[in-house]
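Working through the structure, step by step
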Amino acid sequence: MHRTKDTLMFCLGIIFIGCLMQIAGKAKGDALVFPSVIEILKAFFRLIGSVHTYRLIFTTIIHLFIALFISTLAGIAIGMVEGLCDVARHFFKPLMILLRSIPMIVLVVIIMVLTKYSRVPYIAATLILVPLIAEATCEGCRQIDPELIDVYKINSNVSLRILFTVYIPLMAGYLKQAYINAVGMGMKVVISTEYLVQTRDSLGKAIHTSGYFNEYEDIYAYALIMILLIILVTEVPLWVMRQRQKSAILPL
């Protein structure tokens, strides 16, 4: 019952967004920039039915997964060091502040000068996501009961086995929220950088082309596709984890 109510409210939220767009279109008096919901849905289903769209999605998803993979490894490593050592936390703090606060356009321009354009989307996303994951890992590590950790460290110091069997499970709540935020942030950064560097066969390039030809209904349709991708990438893994947890607690 509770899940049905949540789903209903989610759908109503989508309808509310559509209504806001129609109100904005009427207030602006510009049907070109604010096309009707019907036109957007027509464009959405047209794009979903095109093979080329899936090529665009594949390119962007690859960029996102590379950024998430690298930023997760780096973020957890830095966050663990910060969480276990106060000196390291103060040492890395200026770098984390810099990466968190630097304007994306400045970061992208610097990366464009230093490397090939094809690498810019996932490098930029990685650098922006590392502080997000590192800070969640650090906070999760610092909130663990020290007495509980001492029990596991009686026979072993911090190792990969202790990290994956003790620390990460105890920080699961922090890491899960960081992952959800990282996917949404990463998708926006990847597509924005694809737009700026004109990455071939990507959603960012497609949005640029649609804007150039004043095909605003396609731009909104691509936005819907991005929302679905974020839901898919965030909710499906969490759903699988919940199913495994349920299976683990079921009596034999």
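Described in the following lines is the structure provided in the data block. From a predicted model like this one, the values you see are computed outputs, not experimental measurements.

The rules behind the values
- Residues numbered from 1 in each chain as written.
- Predicted model: local features only at pLDDT ≥ 70, side-chain atom pairs only at ≥ 80, totals over all residues.
- Heavy atoms only, no water.
- Helix = DSSP H or I, 4+ residues; strand = E, 2+ residues; numbered from the N terminus.
- Buried < 20%, exposed > 50% of the residue type's maximum accessible area, 1.4 Å probe, protein only.
- Contact = heavy atoms within 4.5 Å.
- Areas by Shrake-Rupley, 256 points an atom, 1.4 Å probe, with all protein chains shown as cover.
- Arc of directions from axis to C-beta.
- Salt bridge = Lys/Arg side-chain N within 4 Å of Asp/Glu carboxyl O.
- Core = buried A, V, L, I, M, F, W, Y, C linked by side-chain atoms within 4.5 Å.
- Phe/Tyr/Trp six-rings, centres within 6.5 Å; stacked < 30°, edge-to-face > 60°.
- Patch = residues over 30% accessible without salt bridge, like charges linked within 9 Å, V, L, I, M, F, W, Y side chains within 5 Å.

So, the overall build of the protein
Each helix and strand in the protein was counted, giving eleven helices and zero strands. Sequence-ordered secondary structure for the protein, helices as α and strands as β, is α-α-α-α-α-α-α-α-α-α-α. Residue burial in the protein is summarised as follows: out of 252 residues, 35% are buried. For the protein, the share of sequence-separated contacts (at least 6 apart) that also reach a separation of at least 24 residues comes to 71%. Carbon and sulfur atoms provide 69% of the accessible area of the protein, an area that totals close to 15,700 Å².

Topic: helix H10 (residues 203-212)
Inspection of H10 places Leu203, Gly204, Ala206, Ile207 and Ser210 among the buried residues, and these make up the whole buried set. Taken end-on, H10 shows its buried residues confined to a sector of 160 degrees, consistent with a single buried face. Once H10 finishes, Asn214 follows within two positions and takes phi at roughly 60 degrees, a positive value.

Focus on the side chain of Thr53
Within the element layout of this structure, Thr53 appears in helix H3 (residues 51-84). Contacts of Thr53, omitting those with residues within four sequence positions, involve Leu47 and Ile225.

Regarding the pattern of salt bridges
Counted by the stated rule, this structure contains four salt bridges. Residue Asp218 is joined to Arg46 by a salt bridge in which the shortest nitrogen-to-oxygen separation is 2.5 Å. In this pair, Asp218 sits in helix H11 (residues 216-249) while Arg46 sits in helix H2 (residues 37-48), placing the two residues 172 residues apart along the sequence. Residue classification places Arg46 among the partly exposed residues on the basis of a relative accessible area of 47%. In this structure, Asp86 and Arg89 form a salt bridge, with 2.6 Å as the shortest nitrogen-oxygen distance. Separated by three residues within a single helix, Asp86 and Arg89 lie in helix H4 (residues 86-101), roughly one turn from each other. With a relative accessible area of 44%, Asp86 lands in the partly exposed category. Three or more residues are tied together by salt bridges with common partners; here these are Asp86, Arg89 and Arg142.

Topic: the side chain of Thr199
Looking at the element boundaries, Thr199 is found in the loop between helix H9 (172-197) and H10. In this view, Thr199 contacts His63, Pro121, Glu194 and Lys205; residues no more than four positions away in its chain are not counted.

A look at the nonpolar core
Counting 22 residues, the largest nonpolar core has Ile61, Leu203, Tyr222, Ile225 and Leu229 as its most contacted members. Listed by contribution, the elements that provide at least two residues to this core are H2, H3, H9, H10 and H11. Per element, the largest residue contribution to this core is six residues, and it comes from H11. If near-sequence neighbours (up to four positions away) are discounted, Ile61 is found in contact with Met187, Leu229 and Val233.

Structural notes on the packing of aromatic side chains
Enumeration according to the criterion identifies three aromatic pairs in this entry. On the basis of an interplanar angle of 75 degrees and a centroid distance of 5.3 Å, the ring pair of Phe44 and Phe45 is categorised as edge-to-face. By relative accessible area, which is 11% here, Phe44 ends up buried. A relative accessible area of 56% means that Phe45 is categorised as exposed. Summarising the aromatic geometry, the rings of Phe91 and Phe92 are spaced 5.3 Å apart at their centres and angled 80 degrees between planes, so their arrangement reads as edge-to-face. Taking the relative accessible area as the measure of exposure, Phe92 reaches 21% and is therefore partly exposed.

Quick look at the environment of Cys85
Position of Cys85 relative to the elements: it lies in the loop between H3 and H4. Under the relative-accessibility criterion, Cys85 is labelled partly exposed at 32%. In this structure the C-alpha to C-alpha distance between Cys85 and Cys138, which are 53 residues apart in sequence, comes to 9.8 Å.

Remarks on a nonpolar patch on the surface
A surface patch of nonpolar side chains, about 730 Å² in accessible area, is lined by Ile105, Val106, Val109, Ile110, Val113, Leu114, Tyr195 and Leu196. When contributions to the nonpolar patch are tallied by element, the ones reaching two or more residues are helix H5 (104-114) and H9. Take the nonpolar patch: its biggest share by element is six residues, from H5. For Ile105, the location among the structural elements is in helix H5. A relative accessible area of 46% means that Ile105 is categorised as partly exposed.

On their own, these measurements won't tell you what the molecule is for.
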